[in-house]
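These are the residues of each chain, in order.
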Amino acid sequence: MATTIEVEDTITVGALAERLMLPASKLIAELMKNGVMATVNERIDFETAQIIAEELGLDVKFKERETETGSPKRVKLKASAGAVQRPPVVAVMGHVDHGKTSLLDAIRGSKVASNEAGGITQHISAYQVEHSGRAITFLDTPGHEAFAAVREHGAQLTDIVVLVVAADDGVKPQTIEAIRYARKAGVKIVVALSKIDKEDADPNKVKQQLAEEKLLVEEWGGDTVVQEVSAKTGKGLNELLDMILLIADVEDLKADIDVPATGLIVEAHVEVGRGPVARVLVESGILKPGQFIVAGSTYAKIRNLEASKTAPLKEAGPSTPVTITGFKALPEFGDEFYVVNNEREAREKAALAARESYQTSNQGITSSELLRIINRSNELSELNIIVKADVQGSLTSVIDSLKSLDTEEVAVRVVGSGIGAISENDLRLSMASGAQIYGFNVSCSSAVRQQASRDRINLHLYNVIYELIDDVKKELEQLLAPKVVETEIGTLIVKGIFNTTKTSVICGGEVTKGKLTIPSFARIEREGKELMEAEVTNLKRGPTDVKEIMEHEMCGVSLKVPAKIELQLGDRLILFTREVQERHL
């Protein structure tokens, strides 16, 4: 009977090897045979995993896991006959540095990209713009590979995906991933061909690459709309917005407003003086200050309802992104929220969700998982870390990215995590567990810094996610056992034995291959069998000590041996060097 294994849309080669209980090297070799060049930490898609398992002759059945974020795939709400028209929700997705945020800046008329660390978006941002007297809600999603969970979350929120592809760079890994997420969410894709004003822009090449991903453009007989745009000159922006509204009309986007409001948590963080703050997207109903809402295992009495520029609102309808304060605790990234009648009901529903979440997260592991853990436990070196981030989405992305670095030899162990500034509690946990602290987009008071320095706690702060990941990767590489490389350099046939003690041998002979050098080691062989390994301590040409003896020369050799050996004429010494090299992930 076939074993069933759950696999995500994409999975690292190392994680797949672990689930198949195979050496990663064997899986990489099989991938190479099939024309896929991948390292242990690179991701392959679901279909490739299936094909490789079949090629290896494994009796394995794959089941596609619905989502990488741990949340079930959401079913979009169906509107009733009395529903009203709502603005379209548009996710802007694509490869890092292809100009998503710059494009939105041009549409919105503001500057954001220059304020983002490293010039890349590191959170989902949500806001509305007006075009032709109608509202359009935009979601800007991060492009860096570390934010895969955030991008999938963004795709699930939307009606239309604007896929930004740079005309000078073409379709890239995150472009393909965004296409997959959009298809999985069942939403319409519009391609915005950016950086069209660059000298090396090649629109036809990009259209060909899109066709290879089964996105055939309209002019080639397909149904994919491609709009050339330039954030610099503003070219094509109005046409892009017109197309978004046209698709919205065709899709006939509607929502009920005479029902209790529901929606999704887009982002959540803690602000000094305001407590837990959530950015939410209303999906149906009318949200108002003073209402009680439940989001996962926490709830809120809405204290403030604000638009994107902190402007207070009296109410927010469907497809409106708003900021909410008043939560008792920080809601989870991606949680659904809904309005309830009173605080008692809110408290009870949040408590019930907390109990269910605890039970789900504490289910026992399977026997096969336990076996894999036991098999790995003797050789696995772990790096203990504490992760703090500014918002839930970033925390999820950082932890997911760090866990993808795990191999059969080294792994990241997250002993603590949370939202907000690094605190004295984090330092205490670090002292107790020996963990290093990594902060992403968070602050650290001078008192905490001084205490960390005093207690010799490794404290790292970052504003750019890939810098954090690279540094953790370097720390993991320090835990890897070094690679010992042996290089054969020469062979000597023993033709004379001059002195033998318990710990040394002095002999002479002819170099028949290569050359002899010191420092080096020697394998002593007789009739093709290795007797022992020795250290070469000296070489002599006649009475003179030398560092090197060439092929066909006669010489004397001094050996340091681990045990007494009776050397014989005709024995062979195979000399080699041994070098210890650092390994990399």
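Residues numbered from 1 in each chain as written. Predicted model: local features only at pLDDT ≥ 70, side-chain atom pairs only at ≥ 80, totals over all residues. Heavy atoms only, no water.

Caption draft 1: Molecular detail of the packing of helix α11 (residues 392–403) against helix α14 (residues 465–479). Where α11 contacts α14, the two axes come as close as 10 Å, and the packing angle between them is 35°. The interaxial crossing formed by α11 with α14 has right-handed handedness. Note on element contacts: α14 touches α11 through I465, L468, I469 and V472, opposite S397, V398, S401 and L402. Looking at the contact of α11 with α14 residue by residue, the classes come out as six nonpolar, two polar and no charged. (Axes fitted to C-alpha atoms, helices over the stretch in contact; angles between N-to-C directions. Helix = DSSP H or I, 4+ residues; strand = E, 2+ residues; numbered from the N terminus. Left-handed = near helix turned anticlockwise from the far one by under 90°. Contact = heavy atoms within 4.5 Å. Nonpolar A, V, L, I, M, F, W, Y, C, P; charged D, E, K, R; others polar.)

Caption draft 2: Layout of the packing of aromatic side chains. Evaluated as defined, the whole model comprises two aromatic pairs. Note on Y438 and Y462: the rings are 6.2 Å apart at their centroids and 10° apart in plane angle, and the pair reads as stacked. Taken together, the residues Y438 in strand β21 (residues 436–440) and Y462 in strand β22 (residues 459–462) connect sequence positions 24 residues apart. A residue is classified by how much of its surface remains accessible, and Y462, at 9% relative accessible area, is buried. Taking the centre distance of 5.9 Å and the plane angle of 25° together, the rings of F521 and F576 count as stacked. Placement of F521 in strand β26 (residues 520–526) and of F576 in strand β31 (residues 572–581) is noted, with a sequence separation of 55 residues between them. Across the ring face of F576, the terminal group of R523 is positioned such that the distance to the ring centre comes to 4.3 Å. For the cation-ring pair, R578 lies above F521, with the distance from its terminal atom to the ring centre recorded as 4.7 Å. (Phe/Tyr/Trp six-rings, centres within 6.5 Å; stacked < 30°, edge-to-face > 60°. Buried < 20%, exposed > 50% of the residue type's maximum accessible area, 1.4 Å probe, protein only. Lys NZ or Arg CZ within 6 Å of the ring centre and 35° of its normal.)

Caption draft 3: Broad picture of the sheet that holds strand β9 (residues 160–166). Pairing is mixed in the open sheet, where six strands are placed in the order β7-β8-β6-β9-β10-β11. The sheet is open, and its two borders are formed by β7 (125–131) and β11 (225–228), each paired with just one other strand. Each adjacent strand pair in this sheet contributes to an overall mean axis angle of 30°, direction not counted. For strand β10 (residues 188–194) and β11, the ladder comprises four bridges, and the chain directions are parallel. Residue V190 lies in a different strand from β11, and its bridge partner there is V225. Contacts from helix α4 (residues 100–108) reach β6 (89–94), β7, β8 (134–140), β9 and β10, with the element oriented near 155° to β8. (Pairing = 2+ DSSP bridges.)

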